Amino acid sequence: MNPNKKRLRRTMMFLNCQKPGLIKDPYIYKPDSIMLDLEDAVAEKEKDAARYSLFHALREIDYHGVETVVRINGLDTPYWKEDIRCAVAAAEKEFHRPEGSVLIMAALESARGIMRALDICEASDRLFGIALSGGDYTKDLQTHITGTGVELMGARQNMVIAARAAGVQCFDTVYTD
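Positions within a chain are numbered from 1, following the residues in the order the chain's sequence is written. Per-residue local features are limited, in this predicted model, to residues with pLDDT of at least 70; the limit for side-chain atom pairs, both in listing and counting, is 80 or more; totals at the level of whole chains, interfaces and linings are taken over all residues. Values shown for side chains rest on all heavy atoms present in the structure; no hydrogens or waters enter the calculation.

### What about the sheet that holds strand β6 (residues 169-171)?
Whether two strands pair comes down to DSSP finding at least two bridges between them. Segments assigned H or I by DSSP are reported as helices when at least four residues long, segments assigned E as strands when at least two residues long, and all are numbered from the N terminus. One open sheet accounts for three strands, arranged β4-β5-β6; its pairing is parallel. Of all the strands in the sheet, just β4 (104-108) and β6 have a single pairing partner and so form its edges. On average, adjacent strands in this sheet sit at an angle of 25° to one another, irrespective of strand direction. Inspection of the sheet shows β4 paired to strand β5 (residues 127-132) by five bridges, in the parallel sense. Each bridged residue has a counterpart across the sheet, and for L108 the counterpart in β5 is L132. Strand contacts of helix α7 (residues 153-166): β4, β5 and β6, with the helix running at about 170° to β5, the strand carrying the most contacts. For every element, the axis is a line fit to its C-alpha atoms; helices are fit only across the contacting stretch, and the angle between N-to-C directions ranges from 0 to 180 degrees. Pairs of residues are marked as contacts when any of their non-hydrogen atoms sit within 4.5 Å.

### What about the pairing of strand β3 (residues 67-71)?
Here's how the labels work: a residue is buried when its accessible area is under 20% of the maximum for its type, exposed when over 50%, partly exposed in between, all with a 1.4 Å probe on protein chains only. The two faces of β3 differ: E67, V69 and R71 on one face are buried, but T68 and V70 on the other face are not. Here strand β2 (residues 33-37) pairs with β3 via five bridges, running parallel. Directly across from L36, in β3, lies its bridge partner V70. Crossovers are marked right-handed if the path from the first strand over the helix to the second runs clockwise, as seen with the strands pointing away from the viewer. One crossover worth recording links β2 to the parallel β3 by way of helix α2 (residues 47-60), and it is right-handed.

### Some details on the packing of aromatic side chains
Ring pairs are drawn from Phe, Tyr and Trp, using the six-membered ring of Trp, whenever the two centres fall within 6.5 Å, and their geometry is named by plane angle: stacked under 30 degrees, edge-to-face over 60, tilted for the rest. Scanning the model with the defined rule gives one aromatic pair in all. Aromatic pair F128 and F171: ring centres 6.2 Å apart, planes at 80°, arrangement edge-to-face. Of the two residues, F128 is situated in strand β5 and F171 in strand β6; the sequence distance between them amounts to 43 residues. For a lysine, the NZ atom is tested; for an arginine, the CZ atom; a charge sits over a ring if that atom is within 6 Å of the ring centre and within 35 degrees of the ring normal. A cation sits over an aromatic face here: R9 above F128, 3.8 Å from the ring centre. The ring of Y79 is capped by K47, whose NZ or CZ atom sits 5.5 Å from the centre of that ring.

### A few points about unusual backbone geometry
Positive phi is not limited to glycine here, since K30 has a value of about 60°. Relative to the helices and strands, K30 resides in the loop between α1 (20-23) and β2. Positive phi, close to 60°, is recorded for Q142, a residue that is not glycine. Here Q142 shows up in the loop between α6 (134-140) and α7. For Q142, a relative accessible area of 75% corresponds to the exposed category.

### Describing the environment of E122
Turning to its location among the elements, E122 is positioned in the loop between α5 (117-121) and β5. Each C-alpha atom, one on E122 and one on T138, is 24 Å from the other, the two residues being 16 residues apart in sequence.

### Looking at the environment of P31
Structurally, the position occupied by P31 is in the loop between α1 and β2. On the basis of relative accessible area, P31 is assigned to the buried category, the value being 9%. Along the primary structure P31 and D48 are separated by 17 residues, whereas in three dimensions their C-alpha atoms are 27 Å apart. Residue contacts for P31: discarding those within four places in its chain leaves T11, M13, P26 and V66.

### Some thoughts on α2
For a helix, the expected span equals 1.5 Å multiplied by the residue count minus one. Between its terminal C-alpha atoms α2 stretches 20 Å, which fits the 20 Å expected from 14 residues at 1.5 Å a residue. Among the residues of α2, those classed as buried are K47, A50, R51, S53, L54 and A57. Seen along its axis, α2 keeps its buried residues to an arc of 160°; they face one direction. Turned more than 90 degrees away from the buried face of α2, the exposed residues are D48, Y52, R59 and E60. The inward-facing, buried residues of α2 contact α1, β2, β3 and α3 (80-88). Think of the arc as the fan of directions from the helix axis to the C-beta atoms.

See the structure below:
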C-alpha cells in the first residue's frame, strides 16, 4: 500500500493554476496539501495555459514536502484527459514513476454521487479519500449553501459512514468565506 494514502491532511489550500504567481510558493503557509485547480477556478479559454503552468510547476517547484493534489475537470467535459496527462505526465509507466504512486481523491458533487459514496470509495486501490463539493451538490439539490450547514448534513453523514467502511479519508466542502 502506498504510505501516502494515510497521510495527515488537515488543511488543503486551493490554488488557481491559471495564475502562476499563486502556485509558485504556497508551501510558505505550511498547509498539509495544496490543491492545484484546473476546474472551476480556471476560465474556459485559459484551460491550456493553466495546464502549462501546472506541468511546469510540478516539474520545477520544490514544495518542501507539502503534498500536491490536482483538481481536474469533470469527466463530462472535453478537458479531463489532457488534465490527467499534464498532472501525471501521461502515465506512470511512460514517465518512469513507480506504479501505484499516483493517488486519487474523488469529489462527490451530486445526489447520485452521495448515494453511491461507498461504491466510489471502493472503486480503486488508488483512492485515498472522498470530498464533498458543496456548491455543485447544493446546485444538484436545487438549493443553496445557507451557512448553517443543514443542507449538507445528510451528505456529510453518508460520506463519513462510506469512507469509514471503505477505510479511506473523508473531506468536507471548501470553506469559501
